[in-house]
Amino acid sequence: MFAELSATSNFTFLTGASHPEELMERAGLMGVGAVAIADENSVAGIVRAHQRGREIARSVEARRAAIAQDGEIGPVCPEGFARAPSPDVDCVPRLLPGARIVLSCGFQATVLPRDRTAWGRLCRLLSLGRLRAEKGACLLHVDDLVEWGEGMELLVHPVARWEPVARRLMRRFGGAVSLCAAPRYDGRDAGRIARLAQAAARLGLPLVASARPLMHHGARRRMADVLTAIRQGCRVDELGRAAQANGEQRLRSEAEMLRLFASHEGAVARAGEVAARCTFSLDELRYEYPSEVSGGESAGQRLARLARAGLAWRYPSGAPERVQGMLEHELELIGKLGYEPYFLTVHDVVEFARSRGILCQGRGSAANSVVCYCLGVTSVSPEIGTMVFERFVSEARDEPPDIDVDFEHERREEVIQHIYERYGRHRAGLCATVIHYRGKRATREVGRAMGLSDDTLSAMSSQIWGWGSIKGQMMEARLREIGLDPGDRRLALTMQIIEEIQGFPRHLSQHVGGFIITEGRLDELVPVENATMEDRTVIPWDKDDIDTLGILKVDVLALGMLSCIRKAFDLLAEHHGQRFDLATLPPEDPKVYDMLCRADSLGVFQVESRAQMNFLPRMRPRCFYDLVIEVAIIRPGPIQGDMVHPFLRRRNGEEKVEFPSDALGEVLAKTLGVPLFQEQAMQIAIIGAGFSPDEADQLRRALATFKKLGRVSDFRERFMKGMRKNGYDEDFAARCFGQIEGFGSYGFPESHAASFALLVYASAWLKRHHPGIFACALLNAQPMGFYAPAQIVRDAREHGVEVRPVDINESYWDNTMEPGAGGRLALRLGFRQIKAMREEEARWICAARGNGYLDVAAVWRRAGVAPRLMEALAEADAFAGLGLSRREALWEAKALHGDAPLPLFAGALEGEGIAEAVANLPQMSLGEEVVEDYVAMRLSLRAHPVGLLRAVLTPEPGARVGAAGAGEGRGFSLRQDSWEAGGKRCETSRV
């Protein structure tokens, strides 16, 4: 049977015009026995092809079983081969993992590993080339291919003086080398193939046929040309010879290949023979997690010892029996599944962070467990009782655990480099993130390639919202509204290609923190390459790929609020002698919940947005689990799934809490019958619709990847049919699936919500009891959150905090707390608030300050700062403590030129400079001072800018006042309000 040995997918970025999955599907339809996905110096797309091959095999098996039983096609899994138009299609194509190696000299060869050992050598070869070059490039030489090509089939492509290199490869690898002949579809293929056959015979090389497809179907010709134009930075009509001459460079069936190679049919047969020798499958990859054995202990013994020691640490007075039982149960289950090393790795990473004073908090499916609580990975107490461990780590599902650990955003790099140093870059690497074409990017790049003007593209981009279908959002009426003609041929074609390119990979980026760590060499499991960031190395597979192959990852993430909380804890210890961590804060403080019920949450983690502030008084949280729900419910998923108002009505007793069945009642009881968490959506599919574990896993993947693939709706028919079969009402089933689709836009797992809720409580507790310290820490952790420093400072002052200005003799780089009036602490603004100042410059000023500066020139002389910085300090009014106004200080700073003089030639002593007539500078008005404050520091302690306009804005009695504000959603509403002013009735029009 014919095998295609050199197919290019769209993971040869901006070249291939078909997804790896599409190539596998088409091969099955055409009866092609095997397909080699051979992208240029890359194996980034082969896991997707492998997964599609699995799905096709399951679907074909289901077809055969249905035909054998009923004589007709029965139900098949929604992500399988259900789209095949005929029951006669039962070919399951085999994936041949490989790569097309392009050397620095221009020589090209497709390499196909025969076995697992050869796959490891291919990964080492690609790693070698990738690590030599910057991100996205690969630098390989002939010697590299000769050194690492053992155990592979090498298909030489006849380009760039290939014969000398082919001879050298033949001497090294003998019969493993073949000459790959591919048609160009230009009418001269017969003669060209004949010449290649003669060259192969002269060299003693077997001739192997390949269609060298760039696409799975000829209909993708336009896409191939658009991708080429984007790659070359030109318009499609400027491509010339770089454009596809026709749509023939596509996947071919055996019959088509025999016709194209009519005089050399043996080359077609030899392709199948080569494929038969390549027995390697990605199923053979056996991921080995680091053993984490230490001091003669097994991983299980070490985990049990650390967990029990942690139990004594968490519960000094003795742990409750329930918690002890949960710990032993979890340890037993972890041991059965062999996941002890994974938990130990996470513990060791967290332990390193704590040894450096880096605050961290674990979250994820397995993080909210007694084991992780005892190991210090999370501070969420297991006594909350919100989750069952088997929901995340189960013998039945055999899914790998998931633990994400958030670290202070300013210090996460220390943790990342520790992991590299401990395991070595040959054993540890970050996952990739595949950047896909979506809405605005697709519109811009395709539109430019198609020759649309920038103004037209800006108008089109303005109509795109979210991640939905572009075609659905930019209907004819909308196009006409922005002045475009939907009937224009070029515009219509552009719209078609924009819709078609959705989900195409654009390039690889670095995952936010997903680490793959192995016991053996990572670069023999998957290639390793450089990231854009210095000292980072990554693998080309994303989180879905490694999940497909059962590879564990540890997410090392960054969170700004942890930096803020840690700084606040340090300030509490310094000024009040109180030492807290996330687990030891006083729990369930009513004053904290009172504050949140008033929506007094500016700066509080996760609940500081306007939407959350609006929801807090309606939700009225009174306990920790209320915060868990608060975190999860104000998300696009629950909002779009219409879950918010039903939950509130049921919580307030306005609507009866009822469940369609006892089974679903167990799933939805704690959220009053409304699914708010991703785990609940999965349970509805399993319990209500009868999804198998495999189908539920596919649904989970679709939920996780909605933004790039949008495949959740593929499950609708299967879900509705299952709900009907189990006796559920059609309207209820449709509503449930609508809610599940909402999670695809952005739903929140309960385990993540619980971890985030702890940070909500911690930040709210700090704000309620120590508003000055909280504001100081928040300012020092910027940039983060919704609010600018001016709003944070104003909120602190409204809570009774004394805020003092930047002062050349009192301030440091960070904002600090210092003794204030009445024994309270005052917040001193630091040099970091000055926009034009860098940290290194501030540290020089503080180091040279001694007992204080007496005048402007002293700062220049002693700290050696540039005149530019002296002017910035003057403009920020940092010399007010020396009795100088802003203009006086700036006048003196402007007189400084060049570098500061050496002490020997500094002239007079400080404070005794050469007498000079005092300039008569006009005094600045309050408005001018406020404006200059905002220009220099983005905040002012003098007055609010609107306060200066209050007299102008206050209406005269009986006046008509207009006010503008944002409406809800994407529309606007006009309201007429009346009110009393000065004893007379006034009206406002509000848009």
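Each residue is numbered by its place in its chain's sequence as written, counting from 1. Totals for whole chains, interfaces and linings use every residue, but because this is a predicted model, local features are given only for residues with pLDDT of at least 70 and side-chain atom pairs only at 80 or more, for both listing and counting. Side-chain metrics in this entry use all non-hydrogen atoms of the structure; hydrogen atoms and water are not considered.

Participant: With reference to specific residues and values, describe helix H39 (residues 886-894).
Facilitator: Throughout this description, buried means an accessible area under 20% of the type-specific maximum (1.4 Å probe, protein chains only), exposed means over 50%, and partly exposed covers the range between. The secondary structure listing takes helices from DSSP runs of H or I that are at least 4 residues long and strands from runs of E that are at least 2 residues long, numbered from the N terminus. Within H39 the residues assigned to the buried category are Arg 886, Ala 889 and Ala 893. One side of H39 holds all its buried residues, which, seen down the axis, span an arc of 70 degrees. Where H39 is buried, its residues meet helix H37 (856-863), helix H38 (867-875) and helix H40 (926-937). By construction, the arc corresponds to the directions joining the helix axis to the C-beta atoms. Working rule for contacts: check all heavy atoms of both residues, and any pair within 4.5 Å makes them a contact.

Participant: Before we move on, could you go through the sheet that holds strand E2 (residues 34-37) and cite the residues and values that matter?
Facilitator: Spatially, E1-E2-E3 is the arrangement adopted by the three strands of the open sheet, whose pairing is parallel. Looking at which strands have only one partner, the edges of the open sheet turn out to be strand E1 (3-7) and strand E3 (94-97). For this sheet, the mean angle separating the axes of adjacent strands, direction not counted, is 20 degrees. In the sheet, E2 pairs with E3 via four bridges, with the strands oriented parallel. Across the sheet, the residue bridging to Val 35 is Leu 95, located in E3. Only the stretch in contact is used when fitting a helix axis, every axis being a line fitted to C-alpha atoms; angles between N-to-C directions are given from 0 to 180 degrees. Across the sheet, helix H1 (residues 20-30) lies against E1, E2 and E3, angled at about 160 degrees from E2, the strand it touches most. Its contacts with the sheet put helix H9 (residues 265-277) on E1, E2 and E3, and the angle it makes with E1 is roughly 80 degrees. Here, strands pair whenever DSSP counts at least two bridges between them.

Participant: Run through the packing of aromatic side chains, naming residues and quoting values.
Facilitator: Geometry of aromatic contacts follows a simple scheme: Phe, Tyr and Trp rings, the Trp one being its six-membered ring, pair when their centres are within 6.5 Å, and the pair is stacked under 30 degrees between planes, edge-to-face over 60, tilted otherwise. Tallied over the entire structure, the rule returns 13 aromatic pairs. With a centroid separation of 6.3 Å and 65 degrees between ring planes, the pair formed by Phe 691 and Phe 719 is classed as edge-to-face. Here Phe 691, found in the loop between helix H28 (678-688) and helix H29 (693-704), pairs with Phe 719, found in helix H31 (residues 716-725); they are 28 residues apart in sequence, far enough to count as distant. Of the two residues, Phe 691 and Phe 719, neither departs from the other in class, the shared state being buried. Comment: the charge-over-ring label is applied if NZ (Lys) or CZ (Arg) is within 6 Å of the ring centre and within 35 degrees of the ring normal. Between Arg 314 and the ring centre of Tyr 373, over which it is positioned, the NZ or CZ distance is 4.4 Å.

Participant: With reference to specific residues and values, describe the pairing of E1.
Facilitator: Extensive coverage of E1 is indicated by the burial of five of its five residues. Pairing geometry for E1 and E2, over three bridges, is parallel. Bridge pairing links Glu 4 to Val 35 in E2. Traced from E1 through H1 to E2, the parallel crossover comes out right-handed. Handedness of a crossover: with both strands directed away from the viewer, a clockwise path from the first strand across the helix to the second marks it as right-handed.

Participant: Please give an account of the side chain of Ser 42 that cites residues and values.
Facilitator: Note that Ser 42 resides in the loop between E2 and helix H2 (46-70). Polar contact is the term for a pair of N or O atoms within 3.5 Å; when the atoms are in protein, one must be able to donate a hydrogen and the other to accept it, and sequence-neighboring residues count only if both atoms are side-chain atoms. In this structure the side chain of Ser 42 is engaged in a polar contact, spanning 3.0 Å, whose partner is the backbone nitrogen of Ala 44. Contacts of Ser 42, omitting those with residues within four sequence positions, involve Phe 11, Gly 98, Ala 99, Leu 126 and Arg 130.

Participant: Could you give an account of the sheet that holds strand E8 (residues 207-209), with specific residues and numbers?
Facilitator: Ordered by their spatial adjacency, five strands build an open sheet running E4-E5-E6-E7-E8, and the pairing between neighbours is mixed. Either end of the sheet is taken by a strand with one partner, and the two such strands are strand E4 (99-102) and E8. With direction set aside, neighbouring strand axes in the sheet form an average angle of 35 degrees. The pairing of strand E5 (residues 108-113) with strand E6 (residues 152-157) spans six bridges and is antiparallel. Paired with Gln 108 across the two strands is His 157, which belongs to E6.

Participant: Report on a nonpolar patch on the surface, specifying residues and quantitative values.
Facilitator: Think of a patch as exposed residues, more than 30% relative accessible area, with no salt bridge, where like charges cluster within 9 Å and nonpolar side chains (Val, Leu, Ile, Met, Phe, Trp, Tyr) cluster within 5 Å. Only the protein chains shown count as cover for residues, and the accessible areas themselves come from Shrake-Rupley with a 1.4 Å probe. A pair is scored as a salt bridge if a Lys or Arg side-chain nitrogen falls within 4 Å of a carboxyl oxygen belonging to Asp or Glu. A cluster of nonpolar side chains, Leu 926, Val 946, Leu 948, Leu 949, Val 952 and Leu 953, forms an exposed patch at the surface whose accessible area comes to about 530 Å². The residue Leu 948 is located in the loop between H40 and helix H41 (950-953) in this model.

Participant: So what's going on with the nonpolar core? Which residues, and what values?
Facilitator: Here, nonpolar core refers to any group of buried Ala, Val, Leu, Ile, Met, Phe, Trp, Tyr and Cys residues whose side-chain atoms link them within 4.5 Å. With 142 residues, the main nonpolar core has Leu 5, Trp 119, Leu 169, Phe 343, Ile 403 and Trp 541 as its most contacted residues. Element by element, the count of residues in this core is highest for helix H12 (residues 340-355), at eight residues. Counting 106 residues, the second-largest nonpolar core is a separate cluster that includes Phe 569, Ile 634, Ile 834 and Leu 896.

Participant: Give a detailed account of the packing of helix H15 (residues 439-449) against helix H16 (residues 454-461), specifying residues and quantitative values.
Facilitator: Where H15 meets H16, the axes come as close as 10 Å, and the angle between the chain directions of the two elements is 160 degrees. Taken as axis vectors, H15 and H16 run roughly antiparallel relative to one another. Here the hand of the crossing between H15 and H16 comes out right-handed. In contact with Lys 440, Thr 443, Arg 444, Gly 447 and Arg 448 of H15, H16 contributes Asp 454, Leu 457, Met 460 and Ser 461. Put simply, Ala, Val, Leu, Ile, Met, Phe, Trp, Tyr, Cys and Pro go in the nonpolar bin, Asp, Glu, Lys and Arg in the charged bin, and everything else, Gly too, in the polar bin. Considering only residue class, the contact of H15 with H16 consists of two nonpolar, three polar and four charged. Oblique is the label for any angle not under 35 degrees, not over 145, and not in the 65 to 115 range, which are roughly parallel, roughly antiparallel and roughly perpendicular in turn. In this scheme, a crossing is called left-handed if the near helix is turned counterclockwise away from the far one by less than a right angle; it is called right-handed if the turn is clockwise.

Participant: I'd like a rundown of the pairing of E4, residues and numbers included.
Facilitator: Of the two faces of E4, the one carrying Ala 99 and Ile 101 and the one carrying Arg 100 and Val 102 are both buried. Strand direction decides the pairing type here: E4 and E5, joined by four bridges, are antiparallel. For Ala 99, the partnering residue across the bridge sits in E5 and is Val 111. Linkage of E4 to E5, two consecutive antiparallel strands, is achieved through a turn of five residues, within which Gly 106 is found at a positive phi near 100 degrees.

Participant: Explain helix H21 (residues 560-576) to me, and be specific about the residues and the numbers.
Facilitator: Residue count minus one, scaled by 1.5 Å, sets the expected span of a helix. Across its 17 residues, H21 extends 24 Å between first and last C-alpha, which sits within 8% of the 24 Å expected from 1.5 Å per residue. Among the 17 residues that make up H21, 13 are buried, leaving the element largely enclosed by the rest of the structure.

Participant: Could you give me a rundown of unusual backbone geometry, with the residues and numbers involved?
Facilitator: Residues Gln 782 and Pro 783 are joined by a peptide bond in cis, for which omega reads 5 degrees. Assignment of secondary structure puts Pro 783 in the loop between helix H34 (771-780) and helix H35 (789-798). A positive phi angle is found at Ala 599, which is not glycine, with a value near 60 degrees. Following the sequence through the fold, Ala 599 ends up in the loop between helix H22 (590-597) and helix H23 (610-619). Taking the relative accessible area as the measure of exposure, Ala 599 reaches 17% and is therefore buried. At Gln 606, a residue that is not glycine, the phi angle is positive and equals roughly 70 degrees. As for its position among the elements, Gln 606 is in the loop between H22 and H23.

Distances and angles like these do not, on their own, reveal function.
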